[in-house]
Amino acid sequence: MIIAIDGPAAAGKGTLALRLAAHYGLNHLDTGLLYRAIGRKMADAGLDLDDPEAAGRVARELDPADLGHGDLRGREAGELASRVAVHPPVRSALVDFQRSFAARAPGAVLDGRDIGTAICPDADVKIFVTASAEVRARRRTDELAAKGRSVSYERILAEIRERDERDSVRASAPLRKADDAALLDTSDLGIDEAFAAAVAIVDAKR
Ligand code: C5P
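Computed from a prediction, not measured in an experiment: that's the story for all the values here.

**Considerations on the pairing of strand E3 (residues 108–112)**
Of all 5 residues in E3, 5 are buried; the element is thus mostly enclosed. Side chains of E3 alternate between two faces, with Ala-108, Leu-110 and Gly-112 and Val-109 and Asp-111 buried alike. In the sheet, strand E1 (residues 2–6) pairs with E3 via 5 bridges, with the strands oriented parallel. Looking across to E3, one finds that Ile-5 is bridged to Asp-111. Here 4 bridges tie strand E2 (residues 27–30) to E3, and the two strands are oriented parallel to one another. Paired with Asp-30 across the strands is Asp-111, a residue of E3.

Written as structure tokens, this is what we have:
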């Protein structure tokens, strides 16, 4: 079974994907981490993030060890990721890795932006997880505050809007709900409710 989870930044995809993978005994791939590692590597090497060829080279040379880099989950890496993710050579370099991951037994949950539309168009289940930008910004701000990092809600909201815009307007595999994906809006749901809704979607499809 392959479950494709897509959606905008901070919609709760990662948490849902992890919990679904544990629930159904599937492998899990956070595909955002691949783009984050490429952005981080380019920035660390002083390369131009807007150069598609340089970005493609870094993507083709990506090593599993690069995914263990310390601060890939943070906001800065997210921003770097969305800048390199617009380049077609970067996206095509990552296709085979993601597809072979999905094909491995016993199956997998992949979360990202283009899993249901481009990477696994034949996934057994597709869920497009979303929430209003305001709710996503509020959750992100609260998460950071819980870690003792105070960042203003307005600033996080602006970052989220900017990332949504860049991910949605790019020409190559933009963020888009696949026609056959179920829509899961988590704006008014807690994590347990969102998980229960996702399980109901999966169980109805398989
Ligand atoms: O999901 P995450 O926030 O880690 O993704 C970081 C960035 O990587 C996204 O904003 C997007 O630009 C890019 N990305 C993508 N395709 C994916 C996963 C992530 O373009 N499948």
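**Digging into the packing of helix H7 (residues 133–146) against helix H8 (residues 153–169)**
Running from N to C, H7 and H8 point in directions that differ by 125°, and their axes come no closer than 9 Å. If you check the angle between H7 and H8, you find them oblique. When the axes of H7 and H8 are compared, the crossing they make is right-handed. Every residue of H8 that contacts H7 at Ala-133, Glu-134, Arg-136, Ala-137, Arg-138, Arg-140, Thr-141 and Leu-144 is listed here: Tyr-153, Ile-156, Leu-157, Ile-160, Arg-161 and Asp-164. Grouping the constituent residues of the contact of H7 with H8 by class yields 7 nonpolar, 1 polar and 6 charged.

**Regarding the nonpolar core**
Ranked by internal contacts, the top residues of the largest apolar core, which has 21 residues, are Ile-3, Ile-5, Leu-20, Val-109 and Ile-127. Contributions of two or more residues to this core are made by E1, helix H1 (13–24), strand E4 (125–130), strand E5 (182–185) and helix H9 (191–205). No other element matches H9, which puts 6 residues into this core.

Reading guide: rules and limits
- Residues numbered from 1 in each chain as written.
- Predicted model: local features only at pLDDT ≥ 70, side-chain atom pairs only at ≥ 80, totals over all residues.
- Heavy atoms only, no water.
- Buried < 20%, exposed > 50% of the residue type's maximum accessible area, 1.4 Å probe, protein only.
- Helix = DSSP H or I, 4+ residues; strand = E, 2+ residues; numbered from the N terminus.
- Pairing = 2+ DSSP bridges.
- Axes fitted to C-alpha atoms, helices over the stretch in contact; angles between N-to-C directions.
- Parallel < 35°, antiparallel > 145°, perpendicular 65-115°, else oblique.
- Left-handed = near helix turned anticlockwise from the far one by under 90°.
- Contact = heavy atoms within 4.5 Å.
- Nonpolar A, V, L, I, M, F, W, Y, C, P; charged D, E, K, R; others polar.
- Core = buried A, V, L, I, M, F, W, Y, C linked by side-chain atoms within 4.5 Å.

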